[in-house]
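Take a look at the letters that make up each chain.
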Amino acid sequence: MAKTTLTHTPVFYMLSSTLSLSVTGLLTKYLSESFDVTTLAFLRFALPAFLIFSILLFTKIRRPNVAMAKLLVVRALCIGACQLCFIYALNKLSLVESVVLFGTGPIFIAVLEKVIFNIKLHRSTIVALLMTFIGVVMLANNGSGFVIKPELLVGLLAGFFNAGSQLSLYKASKTEMSGLETNAWTFGIASLILLPMVMFSHWPSPQSIFNDNAVNTGVLLALAIMALLIINTQVSRHKAYSTADSNSQLAPLIYSNLAFTALWQFLAFDVDFSYTQLLGLMLIVMTSVITTVLPSQKVIISHKEKSSFAG
């Protein structure tokens, strides 16, 4: 009985993470009507950072060393750029389209590993990039013809910067700092990076938060829930990886975020896709899933071969 609970623990944490991530996207779509892109991106980092630092005050806050600080700055720059691109895409595209493009991160991880660490770029990655590009072109077809949509490329950039964030997060996870500490410093640095942009951009109209001199509780409640969900996304993901036997156990579950998002799209938004656009979405999703799952399966086969040889 205990063994079953242990087996399902990482699955539960990963589903908790992806569910929180999907609801965060839904709330961001709602809040984008009240805030401009830079302000909303700033709030997505500043509010969780404030909450996490408040929690750490009761335990212990460790300052990162020089090497760790550089790593955190790189990750903060990546997630800052990622959120700016993602929120911009949300303003222009549907929720599902934005999340699908955001989910192309695993494909770009292989590209960044080639550029930064000179790791061999496999032929399968090149094919995946080509299939993703075809999927994006198909998304540009609104049923009556192809329309140039810069927001599709911006959505892809969100996936690219998400890949940079994941690579730096992987390195950061190998240090002594806890997941809460890492995210507190990352979110704090990201909000400081975005602050000058917010100061020089247009702040939202006071009417968006205050209505007839009364606080718009809906907006404030959405901001509070979003901050808590962002923290839960990161903490649950950290716990999922720390309790899993291998990454392959969780890799397929990452894309449960798409299933949850499709549900919110169906319930909250009335958006029609052409058959070509649906095929484009499916092509991008399948490519991203295969890119994520296949490397994990290769690792499993390699381990089995080694075990068989040792036996």
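Calculation criteria
- Residues numbered from 1 in each chain as written.
- Predicted model: local features only at pLDDT ≥ 70, side-chain atom pairs only at ≥ 80, totals over all residues.
- Heavy atoms only, no water.
- Helix = DSSP H or I, 4+ residues; strand = E, 2+ residues; numbered from the N terminus.
- Buried < 20%, exposed > 50% of the residue type's maximum accessible area, 1.4 Å probe, protein only.
- Contact = heavy atoms within 4.5 Å.
- Areas by Shrake-Rupley, 256 points an atom, 1.4 Å probe, with all protein chains shown as cover.
- Phe/Tyr/Trp six-rings, centres within 6.5 Å; stacked < 30°, edge-to-face > 60°.
- Patch = residues over 30% accessible without salt bridge, like charges linked within 9 Å, V, L, I, M, F, W, Y side chains within 5 Å.
- Salt bridge = Lys/Arg side-chain N within 4 Å of Asp/Glu carboxyl O.
- pLDDT = per-residue confidence, 0-100.
- Core = buried A, V, L, I, M, F, W, Y, C linked by side-chain atoms within 4.5 Å.
- Expected span 1.5 Å × (residues − 1).
- Polar contact = N/O pair within 3.5 Å; in protein donor to acceptor, adjacent residues only side chain to side chain.
- Axes fitted to C-alpha atoms, helices over the stretch in contact; angles between N-to-C directions.
- Parallel < 35°, antiparallel > 145°, perpendicular 65-115°, else oblique.
- Left-handed = near helix turned anticlockwise from the far one by under 90°.
- Nonpolar A, V, L, I, M, F, W, Y, C, P; charged D, E, K, R; others polar.

- Under an unreviewed UniProt entry, the chain has the name EamA family transporter and belongs to Vibrio mediterranei.

## Observations concerning the overall build of the chain
Then step 1. Each helix and strand in the chain was counted, giving 12 helices and 2 strands.
Then step 2. Listed N to C, the secondary structure of the chain is α-α-α-α-α-α-α-α-α-β-β-α-α-α in terms of helices and strands.
Then step 3. Out of the 311 residues in the chain, the part that is buried amounts to 44%.
Then step 4. Put simply, of all contacts in the chain between residues at least 6 apart along the chain, 86% involve residues at least 24 apart.
Then step 5. Summed over all atoms, the accessible surface of the chain reaches about 17,000 Å², with 69% contributed by carbon and sulfur.

## Considering the packing of aromatic side chains
Aromatic ring pairs are described here by two measures, namely the spacing of the ring centres and the angle between the planes.
Then step 1. For the structure shown, the criterion picks out 6 aromatic pairs.
Then step 2. An angle of 85° between the planes, with centres 5.3 Å apart, marks the rings of F53 and W185 as edge-to-face. Linking F53 in helix 2 (residues 37-56) with W185 in helix 8 (residues 179-200), this pair joins segments that are 132 residues apart in sequence.
Then step 3. The class for F53 is partly exposed, based on a relative accessible area of 22%.
Then step 4. Aromatic pair F160 and F161: ring centres 5.5 Å apart, planes at 75°, arrangement edge-to-face.

## Observations concerning a nonpolar patch on the surface
Then step 1. A contiguous nonpolar patch, built from V115, I116, F117 and I119 and spanning about 400 Å² of accessible area, is present on the exposed surface.
Then step 2. Looking at the element boundaries, V115 is found in helix 5 (residues 105-117).

## Regarding the confidence of the model for the chain
Then step 1. For the chain, per-residue confidence averages 80 on the pLDDT scale, and residues scoring 70 or more make up 82% of the total.
Then step 2. Per-element confidence in the chain is highest for helix 2, whose mean pLDDT is 93, and lowest for helix 9 (residues 206-209), whose mean pLDDT is 49.
Then step 3. Throughout residues 1-6 the model reports pLDDT below 50, and contacts reaching past four residues in sequence, or to other chains, amount to 0 contacts.
Then step 4. Considering only residues more than four positions removed or in separate chains, one finds that residues 296-311, a stretch of pLDDT under 50, has 4 contacts.

## What about the nonpolar core?
Then step 1. In this structure, L31, F35, F187, L223 and M226 are the most contacted members of the largest nonpolar core, which totals 29 residues.
Then step 2. Elements that contribute at least two residues to this core include exactly helix 1 (2-31), helix 2, helix 3 (66-92), helix 8 and helix 10 (217-243).
Then step 3. No other element matches helix 2, which puts 10 residues into this core.
Then step 4. In this structure, L95, A163, Y255 and W264 belong to the second largest nonpolar core, which totals 28 residues.

## Re helix 10
Then step 1. In this model helix 10 runs 38 Å from its N-terminal to its C-terminal C-alpha over 27 residues, within 8% of the 39 Å that 1.5 Å per residue would give.
Then step 2. Listing the buried residues of helix 10 in full gives V219, A222, L223, M226, A227, L229, I230, I231, T233, S236, R237 and A240.
Then step 3. Capping of helix 10 at its N-terminal end is provided by N216; its side-chain oxygen lies 3.1 Å from the backbone amide nitrogen of G218.

## A closer look at the pattern of salt bridges
Then step 1. Across all of its chains, the model carries 1 salt bridge by this definition.
Then step 2. For the salt bridge of E181 with R62, the shortest nitrogen-to-oxygen distance reads 2.7 Å. On the criterion of sequence distance, the pair formed by E181 in helix 8 and R62 in the loop between helix 2 and helix 3 is long-range, its members being 119 residues apart.

## Some remarks on the side chain of T24
Then step 1. Within the fold, T24 resides in helix 1.
Then step 2. Owing to a relative accessible area of 2%, T24 belongs among the buried residues under this scheme.
Then step 3. Apart from residues no more than four positions distant in its own chain, T24 is found in contact with R44, M226, L229 and I230.

## Description of the environment of L101
Then step 1. In this structure, L101 sits in helix 4 (residues 95-102).
Then step 2. Separated by 58 residues in sequence, L101 and G159 place their C-alpha atoms 6.2 Å apart.
Then step 3. With sequence-adjacent residues up to four places away left out, L101 is seen in contact with L93, V136, L139, L152, G155, L156, G159 and I284.

## Details of the packing of helix 3 against helix 7 (residues 150-172)
Then step 1. Running from N to C, helix 3 and helix 7 point in directions that differ by 155°, and their axes come no closer than 8 Å. Between helix 3 and helix 7, the angle is such that the two are roughly antiparallel. Of the two possible hands of crossing, helix 3 and helix 7 adopt the one that is left-handed.
Then step 2. For the contact of helix 3 with helix 7, a count of residues per class yields 16 nonpolar, 5 polar and 4 charged.

## Structural notes on the packing of helix 2 against helix 3
Then step 1. Contact geometry of helix 2 with helix 3 gives a least axis separation of 9 Å together with a crossing angle of 130°. It follows from the interaxial angle that helix 2 and helix 3 lie oblique. Every pair of crossing elements has a handedness; the one defined by helix 2 and helix 3 is right-handed. Together, V37, T38, L40, A41, R44 and F45 of helix 2 and I79, G80, Q83, L84, I87, Y88 and N91 of helix 3 make up the contact between the two elements.
Then step 2. Its residues assigned to classes, the contact of helix 2 with helix 3 shows 8 nonpolar, 4 polar and 1 charged.

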